[in-house]
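# A structural walkthrough
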Amino acid sequence: MNPRLVGALCVALSAASFGAMAIFARQAYAGGADVTAVLLLCFAIAAAIVFAALAGWEQPAFPATAPAWAAVFAIAIVCTVVAMLGLFVGIRHLGAADAATLSTLEPVVTIVLAAIFLGEAFTPLQILGGAIVLTAVVWLARTGGQLPA
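What you are looking at is a predicted structure, and each value in this text was computed from that prediction instead of being measured.

## Description of the packing of aromatic side chains
Per the counting criterion, the structure on display carries one aromatic pair. Judged by centre distance (6.3 Å) and plane angle (45°), the rings of Trp69 and Phe73 are tilted. Within this pair, Trp69 and its partner Phe73 are both found in helix 3 (residues 66–94), separated by four residues, close to a single helical turn. Judged by relative accessible area, which is 37%, Trp69 ranks as partly exposed.

Structure below.
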């Protein structure tokens with residue numbers, strides 16, 4: 001199978017999973033769970049599943065340099081703990097739909113950070129897409145998604 005197709009399908013699955021996460025979190029809150037419990041359980045269950053699934057698949061190749069370890073810690077702390085905490089607290093206070101809408105800023109932030117830290121160039125289509133996303137988020141935040149009467 002084409003590696004780019006596999007990559008695109010995996011990213012689409014990830015996006016669908018993140019979308020479902022907002023719904024599941026809202027249901028957990030409705031059932032009495034708080035943000036701390038949801039995060040602790042999610043991370044513990046995810047770690048157990050990943051370990052069980054990957055342990056038999058291949059031997060892990062751990063980072064060999066200090067910068068690589070720093071990157072792994074940054075992923076764990078900033079990209080996982082901070083991101084999930086922000087999302088779950090947002091879902092708790094805004095609701096699943098509004099939190100998911102605001103999370104659509106992620107691609108824009110990713111493109112900007114890739115340009116700053118990795119030297120990747122913007123394409124005109126990416127700039128247009130980012131402008132559309134930012135416009136939609138601002139409009140939704142200001143109007144609550146209501147069309148003018």
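## Thoughts on the nonpolar core
Grouped together as the largest cluster of nonpolar side chains are 13 residues, with contacts concentrated most on Tyr29, Met84, Leu87, Phe88 and Ile91. At the level of elements, helix 1 (3–30), helix 2 (35–55), helix 3 and helix 4 (96–102) are the ones that each hand at least two residues to this core. With sequence-adjacent residues up to four places away left out, Met84 is seen in contact with Phe18, Met21, Leu39 and Phe43.

## Details of the environment of Leu13
Take Leu13: it is sitting in helix 1. Distance in space between the C-alpha atoms of Leu13 and Phe24 is 16 Å, their sequence separation being 11 residues.

## Concerning helix 2
Look at helix 2: 29 Å from first C-alpha to last across 21 residues, which is about the 30 Å you get at 1.5 Å a residue. Regarding helix 2, the residues found buried are Val35, Val38 and Leu39. Buried residues of helix 2 fall within an arc of 90° about the axis and therefore sit on the same side. Opposite the packed face of helix 2, turned more than 90 degrees from it, sit the exposed residues Leu40, Leu41, Phe51 and Ala52. Taken together, the buried residues of helix 2 touch helix 1 and helix 3.

## Notes on helix 1
In a regular helix each residue adds 1.5 Å, so 28 residues correspond to 40 Å; helix 1 covers 41 Å between its end C-alpha atoms and thus fits that length. Taken together, the buried positions of helix 1 are Met21, Ala22, Ala25 and Tyr29. Buried residues belonging to helix 1 abut helix 2, helix 3 and helix 4. Looking one or two residues past helix 1, Gly32 carries a phi angle of roughly 100°, positive in sign.

About the thresholds
- Residues numbered from 1 in each chain as written.
- Predicted model: local features only at pLDDT ≥ 70, side-chain atom pairs only at ≥ 80, totals over all residues.
- Heavy atoms only, no water.
- Phe/Tyr/Trp six-rings, centres within 6.5 Å; stacked < 30°, edge-to-face > 60°.
- Helix = DSSP H or I, 4+ residues; strand = E, 2+ residues; numbered from the N terminus.
- Buried < 20%, exposed > 50% of the residue type's maximum accessible area, 1.4 Å probe, protein only.
- Core = buried A, V, L, I, M, F, W, Y, C linked by side-chain atoms within 4.5 Å.
- Contact = heavy atoms within 4.5 Å.
- Expected span 1.5 Å × (residues − 1).
- Arc of directions from axis to C-beta.

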